[in-house]
Structures are given as structure tokens and as C-alpha cells.
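Results of the structural survey
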Amino acid sequence: MRFATKAIHAGQGPDLRTGAVNVPIYLSTTFKQDGVGQFREGYEYSRTGNPSRASLEATLAALEGGEYGLCFASGSAATSAVIDLLRPGDEVISTIDVYGGTYRMFRQVYAKYGIQFHFADSADPAKLLERASSRTRMLWIETPTNPMLNVHDITLLSRRRPEGALLVVDNTFATPFLQRPLELGADIVVHSVTKYLGGHSDVVGGALVTSNPEVHERCQFYQNAVGGVPSPFDCYLVQRGMKTLEVRMKRHQENAAAVARYLVEHPRVGRVFYPGLPDHPGHEIAGRQMTGYSGMVSFTLAGGRSAVDRFFGRLEIFTLAESLGGVESLTCHPFTMTHGAIPAEEKLKIGITEDLVRLSLGIEAVEDLLEDLDRALT
Ligand code: P1T
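Residues numbered from 1 in each chain as written. Predicted model: local features only at pLDDT ≥ 70, side-chain atom pairs only at ≥ 80, totals over all residues. Heavy atoms only, no water.

Quick look at the site of the ligand
- Inspection of the region around the ligand gives 17 residues, with Ser76, Asp170, Thr194, Lys195 and Ser323 positioned closest.
- Here a nitrogen atom of the ligand and a side-chain polar atom of Lys195 are 3.1 Å apart.
- Across the shell around the ligand, the residue classes break down as 2 nonpolar, 10 polar and 5 charged.
- Counting the residues that make up the shell around the ligand, at least three belong to each of domain 1 (3–242) and domain 2 (245–377). (Near = heavy atom within 4 Å. Polar contact = N/O pair within 3.5 Å; in protein donor to acceptor, adjacent residues only side chain to side chain. Nonpolar A, V, L, I, M, F, W, Y, C, P; charged D, E, K, R; others polar. Domains from an automatic or database assignment.)

Structure follows, in C-alpha cells:
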């Protein structure tokens, strides 16, 4: 099956009893045992396993080209399941421009358990791997990164990683339609399904996909033991959203490409960050490992913070809000919003300045989006 077909059919055949073409929302918390320990389809208690969740997990695994999928109550909960694979004394090398909440979790939650996080401020794999030691157990990357849209070479990092280190890719910005990290050598893919996979800004959720049976077993243990699971209704919403992932992504990126081209020419705009631009430093790598450039664009605005506030105030179609990847266009101020938890000096080092604006291009008519930007930038 091709991608669009899998998104609609993998893990979600018609209901065996009724023929319902959509997977029912199994709201039951518990399941009858025909005798002690005699489960009908392996289901026992909905924290441990639920048919609506199992179906979504199977669809996600199929889309990422992995063996196993696991769903969580948020992208952050999926991240914590992956970090739980580590022990005190282990070291992680992470790119510094990760989602601010990921940085906060590494620094303010897991560092206190004796896990050491090194943050590399470069997209150059040699520089990233300079921090490696015999204790390095994990490389954590986003690609493209949030919010600077840097691109990391997954194949190269997979080849050059220290022995025994797992390569984890947060694939939220790309989605499996545009990039499948497991096929490029990554061990684990993480998603905030809140974003493009859900696609309609109406559900918070997370997932991980792997083909490594030990990783799956340990993360599944964590999923049940800690219990940060999504509700069956949330699973339904994400599965419904994913059916249209391919058509939405095509439009998201068409709109992003048009907006990036517009911004490059605008006299009030400074730098434009979009991997689809030929002079973007990650353009060539993105061309190799992705089949498109996704729907996110960041840029700096002449006139500093006051110009940014004026821009936000004048927008009529773009909404100033956290999050991304929904059908509606959003904008945000990474310095204070999504990346507020990162110390200012760290942010400034990687280009998250006060004059940086992030756009998440929705699937509205591009003419309306361009007119909105034109109005707000005038
Ligand atoms: O919000 P949550 O579902 O917990 O996902 C966290 C997360 C993980 N990884 C990436 C790349 C993300 O962008 C996020 C969440 N990001 C935002 C809310 C944002 O506006 O950037």
C-alpha cells in the first residue's frame, strides 16, 4: 500500500462485528475476562491497552515504516517515555534548538536523576558529535528544528553515532509523509500528534514508533506503569485527522513555499528560515531525506520587538497562538512563547531573537494569507 492508502486503511479494517468503516471509540475502561486471565482479544484494562488506541498505534507504525507504535497523552509524555530508557550517569547529546518544552524537560526534570544532557548549537554533525563520550547513550534531534528550521542529516548521524547510542528523531515538523527517519537509520521516532498528524488543533497527543523490540517493550512498560495514555476519543480524532495527512501536507507546504518567497522579497523582512529556499544551509540535505519542506516558516522583522508586536496586532487571518500544524494559520513569538523556558543567552546563540516570528501555514487560500501578511507588514 502507498502512503495515502495506508493512512486510511492500515490498522483500521472494518469492525468485525458490525462492519463499521470507522474504528469504534471504545470508551470501556475494562474488559470481561471469561475466566481469570482469559482475555478475548488481549484487552484487560484501558490504561494497559484499548482497541481504539491499538488501532491508531498500528496506523502510525505503518506510516513511519516501523514495527511498533505507542501513543501517549501528549508529545511531551512520549518524550519522557524515551528518556526513561536511560539510567543515571548516561549522557544524551541533543541539538539545542528543540521545542522549548523538550529542553525544559531535559534540564529541569531528567537532569536531576543524574542523566547528563549536552546541547549542541550546530547543525554540523562533526560538531554535534564532539560532545560524545563512552557514556553517550542517545542522540536526540529534531529535523527540521523548532523554530529555526535547521536540518540535520539523519543518515550521517546514524552512521557516525557512538557505539550503543540510540538515535531519536522528533519528526513532528516533517511528518512521515515527508520524512521517515527509521528508514534512514534512526532507532526511535517521536511525535507531537497535536500538530500535523491530528491536524485540526483539537487534540493534544503524542506517539513514538520503533522497530527495536527491546525499546518497544520498555516503552510499553513505561506507558502502562506511568499511565500517560490518550483517551479513546482522542485516539479517534488523531486517526481521523491522519486520513487526510497527505492532502493537507501538500497544501501546507505549497502555502509555506509561496509565503517564504514573498517574505524574501519584502523590504521589512530580515532573514527568512525555510528549508525549501535554495540558499538555506540545509536545503540540499532536506532535498535528500525529505520529499518536501513542510509548512513552517520563521523570519526576522526589521524594527525589533515593537515591529513584531505591531505585526501581530494587525493580522486578521493568522492567529497569535502556541502550537502549529493545524488547518488554520498560526503565528507565534518563539522568544517568549514556545521557547520561553530556554535561558535568553542560549536562545540568542542559536538565533531565537526578540525579532523572530514563526508562522505555521494552514490550508487556507494562499491569496488571503499573502494579503493578510501584506496588511500586517505595511
Ligand atoms: O505539546 P505536546 O503535544 O506535548 O508536544 C511537545 C512537542 C514536541 N516536539 C515538538 C517538535 C513540538 O513542537 C512540541 C510542541 N510544540 C509546541 C506546542 C509549539 O508551539 O512549538
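What about the sheet that holds strand β5 (residues 166–170)?
- Strand order in the open sheet formed by 7 strands is β1-β7-β6-β5-β4-β2-β3, with mixed pairing between adjacent strands. The open sheet has two free edges, formed respectively by β1 (68–72) and β3 (116–120), since each of these has just one partner strand. Each strand of the sheet is rotated relative to its neighbour by a mean of 20°, with strand direction disregarded.
- Summarising the sheet, strand β6 (residues 188–192) and strand β7 (residues 206–210) pair through 5 bridges and their orientation is antiparallel. The residue bridging Val190 from the neighbouring strand is Leu208, located in β7.
- Strands in contact with helix α2 (residues 51–64) are β1, β6 and β7; relative to β1, the strand with the most contacts, it is inclined by about 125°. (Pairing = 2+ DSSP bridges. Helix = DSSP H or I, 4+ residues; strand = E, 2+ residues; numbered from the N terminus. Axes fitted to C-alpha atoms, helices over the stretch in contact; angles between N-to-C directions. Contact = heavy atoms within 4.5 Å.)

Considerations on the packing of aromatic side chains
- Counted by the stated rule, this structure contains 11 aromatic pairs.
- With a centroid separation of 5.6 Å and 40° between ring planes, the pair formed by Phe31 and Tyr43 is classed as tilted. Remark: Tyr43 occurs in the loop between α1 (3–9) and α2 and Phe31 occurs in the loop between α1 and α2; sequence separation between them is 12 residues.
- Judged by relative accessible area, Phe31 falls into the buried class, the value being 19%.
- Seen from their ring centres, Phe299 and Phe311 are 5.8 Å apart, and the 90° between their planes marks the pair as edge-to-face. Of this pair, Phe299 sits in strand β9 (residues 296–301) while Phe311 sits in helix α12 (residues 304–314), and the two are 12 residues apart along the sequence.
- Phe311 gets classed as buried once you look at its relative accessible area, which sits at 1%.
- Here the guanidinium or amino end of Lys347 rests over the ring plane of Phe335, the centre of that ring lying 4.2 Å away. (Phe/Tyr/Trp six-rings, centres within 6.5 Å; stacked < 30°, edge-to-face > 60°. Buried < 20%, exposed > 50% of the residue type's maximum accessible area, 1.4 Å probe, protein only. Lys NZ or Arg CZ within 6 Å of the ring centre and 35° of its normal.)

Things to note about the domain arrangement of the protein
- Domain boundaries assigned for the protein yield domain 1 (3–242) and domain 2 (245–377).
- Between the C-alpha centres of domain 1 and domain 2 there is a distance of 25 Å.
- Taken together, the 42 residues of domain 1 in the interface contact 43 residues of domain 2.
- Of the roughly 3500 Å² buried where domain 1 meets domain 2, counting both sides, 64% is carbon and sulfur surface.
- In terms of surface lost to domain 2, no three residues of domain 1 exceed Met148, Leu178 and Tyr196, which account for 22% of the buried area on that side.
- Across the domain 1-domain 2 interface, the total number found is 1 salt bridge.
- Arg288 serves as the salt-bridge partner of Asp153, at 3.5 Å between the closest nitrogen and oxygen.
- Across the contact surface, domain 1 and domain 2 share 19 residue pairs in polar contact (both at pLDDT 80 or more).
- Mapped by element, the contributors of at least two residues to the side of domain 1 that touches domain 2 are α1, α4 (100–110), α6 (154–160), α7 (175–178) and α9 (232–242).
- Looking at the side of domain 1 that touches domain 2, the element that brings in the most residues is α4, giving 5 residues. (Buried area = accessible area lost by both parts, 1.4 Å probe. Salt bridge = Lys/Arg side-chain N within 4 Å of Asp/Glu carboxyl O.)

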